Amino acid sequence: MAKDNMTDEEVELEIERLKESPAVKLAQREYRYKHKRQQYLNTLRWQERRGKYLMAHGITEADFKDQPEMDEWKGDEN
């Protein structure tokens, strides 16, 4: 049977079969890993550009000494 002429039920069965496939799971894991690394690379590139901009405007790490870290910031606590 041609894959183009599958019924809706056959499509759903094929999806379920593929979701359980070890080969699909391996490919998904590889994709997630590569995607995360690419995101991390993009973040580092952005941070470098931002850091250069800040440095060009005379801003240093000391200017942020009294500022809370974003990880510690809880938002508006009213």
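Quantities reported herein were computed from a predicted structural model and do not represent experimental measurements.

A. Region of the structure containing helix α2 (residues 22-56). Over its 35 residues, α2 extends 51 Å from the first C-alpha to the last, a length consistent with the 51 Å expected when each residue adds 1.5 Å. Of the residues flanking the start of α2, the one acting as N-cap is Ser 21, its side-chain oxygen 3.2 Å from the backbone nitrogen of Ala 23.

B. Representation of the environment of Lys 25 in the model. On the secondary structure map, Lys 25 appears in helix α2. Sequence-distant contacts of Lys 25, that is, excluding residues within four places in its chain, are made with Lys 19 and Glu 20.

C. Quick peek at the pattern of salt bridges. Taken as a whole, this structure holds five salt bridges when the rule is applied. A salt bridge links Lys 25 to Glu 20, with the nearest nitrogen and oxygen atoms 3.8 Å apart. For Glu 20, a relative accessible area of 54% gives the class exposed. Taking the shortest distance from any N to any O, the salt bridge between Lys 52 and Glu 48 comes out at 4.0 Å. Here Lys 52 and its partner Glu 48 are both found in helix α2, four residues apart, which amounts to about one turn of the helix.

What counts as what
Residues numbered from 1 in each chain as written. Predicted model: local features only at pLDDT ≥ 70, side-chain atom pairs only at ≥ 80, totals over all residues. Heavy atoms only, no water. Helix = DSSP H or I, 4+ residues; strand = E, 2+ residues; numbered from the N terminus. Expected span 1.5 Å × (residues − 1). Polar contact = N/O pair within 3.5 Å; in protein donor to acceptor, adjacent residues only side chain to side chain. Contact = heavy atoms within 4.5 Å. Salt bridge = Lys/Arg side-chain N within 4 Å of Asp/Glu carboxyl O. Buried < 20%, exposed > 50% of the residue type's maximum accessible area, 1.4 Å probe, protein only.

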